[in-house]
Amino acid sequence: MVQEHEPSTPGEAAEPTATRRTADTAESSRANRGWWDRNADEYQEEHGAFLGDDRFIWGPEGLDEAEAGLLGPVEALKGRDVLEVGAGAAQCARWLAARGARPVALDLSLRQLRHARRIDAEAAASGSSGTSEPSGGSMVSGVSGASRSGEAGGVALVQADATALPFRDGSFDLACSAYGAVPFVAEPVRVMREVRRVLRPGGRWVFSVTHPIRWAFPDEPGPEGLSIAASYFDRTPYVEQDESGRAVYVEHHRTLGDRVRDVVAGGFRLVDLVEPEWPAWNHQEWGGWSPLRGNLIPGTAIFVCERD
């Protein structure tokens, strides 16, 4: 989602400047971890109602996994070990747990994972059925063989980088990511290979990202966002930087062909590519996503992959 963000830290000298320049793995990771830690509160406040506490939404169009079934039949999720990469407040993992799966929610941002804890605590206090047992999910550090909550319906929370997953080989049956991690890393093949490593043979990996065509258009929801303003083939990262030139947010562009090649290079077989259409019921704007644009050009690309 290429968009300019408002400064979020009190006392920040000036609004970050948006530019296009190179950003390597280390700079991207540092910048995005900091950005999500600073902006998690605002993000959850703005989008939490749309995402729900325990829904599995693939993107701003509102495509729901309950209807899409991209991970497979809902009834087949019971008993499956599932990794959610870039989980945010673990909304998707919570939905999976409610269907009998054993999910682990991983995110680079500690603040996002604290929102996951908050949602579970609020559910427990209200007596509503949540994904976690009253004790909540387990916050574990990024070490091999990280512990899980171990309770039916529980969600383990893990803070770690998606390019270095802290799990043993063959730990999961499924992996998923709804706009998490993949757009923000400089070397997406590293994520693909790590996900493949922790999946069991035959495991499915489904992830959504901003549709690559969107990078050619201004990130505006109105008519001004319908005219091509940049080359689709310009892969220079979008960077927001402070006055000293230090990156505070980084997003990486890959063409559709690049994404397919990343999947294959990561050891997966692409079995489907879903481009959700904008539904008539969805009247909201989310950054540059809107009904106007969504009815004309795709905003999200979902890659359904399998490990042989």
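Since we're looking at a predicted model, the values are computed, not measured.

**Re the pattern of salt bridges**
Within this structure, the stated rule accounts for 18 salt bridges. Notably, a salt bridge pairs Arg-197 with Glu-194, separated by 2.9 Å at the nearest N-O pair. Separated by three residues within a single helix, Arg-197 and Glu-194 lie in helix α5 (residues 188-198), roughly one turn from each other. By relative accessible area, Glu-194 is classed as buried at 15%. The shortest N-O distance in the salt bridge between Arg-235 and Asp-258 comes to 2.6 Å. Placement of the pair is Arg-235 in the loop between β7 (199-210) and β8 (238-241) and Asp-258 in helix α6 (residues 256-265), with a sequence separation of 23 residues. Taken together, the shared-partner salt bridges connect Asp-81, Arg-102, Asp-173 and Arg-200 into one network.

**Things to note about the side chain of His-252**
Tracing the chain through its elements places His-252 in the loop between β9 (247-251) and α6. A distance of 2.8 Å separates the side chain of His-252 from the side chain of Ser-28, its partner in a polar contact. With residues near it in sequence (within four places) discarded, His-252 still touches Ala-23, Ser-28, Pro-183, Phe-184, Val-185, Ala-186, Trp-215, Pro-237 and Arg-259.

**As for helix α1 (residues 25-51)**
If you check α1, its first and last C-alpha atoms are just 29 Å apart, much less than what 27 residues at 1.5 Å a residue would give, namely 39 Å. Along α1, the sharpest change in direction is near 55 degrees and occurs at Asn-39. Measuring from the side-chain oxygen of the N-cap residue of α1 to the backbone nitrogen of Ala-26 gives 3.3 Å; that N-cap residue is Asp-24. Directly after α1, the chain includes Gly-52, whose backbone phi takes a positive value near 75 degrees.

Each value, and the rule that gives it
- Residues numbered from 1 in each chain as written.
- Predicted model: local features only at pLDDT ≥ 70, side-chain atom pairs only at ≥ 80, totals over all residues.
- Heavy atoms only, no water.
- Salt bridge = Lys/Arg side-chain N within 4 Å of Asp/Glu carboxyl O.
- Helix = DSSP H or I, 4+ residues; strand = E, 2+ residues; numbered from the N terminus.
- Buried < 20%, exposed > 50% of the residue type's maximum accessible area, 1.4 Å probe, protein only.
- Polar contact = N/O pair within 3.5 Å; in protein donor to acceptor, adjacent residues only side chain to side chain.
- Contact = heavy atoms within 4.5 Å.
- Expected span 1.5 Å × (residues − 1).
- Bend = angle between axes of the 7 residues up to and from the residue.

Take it as geometry only, folks, not as evidence of what the structure does.
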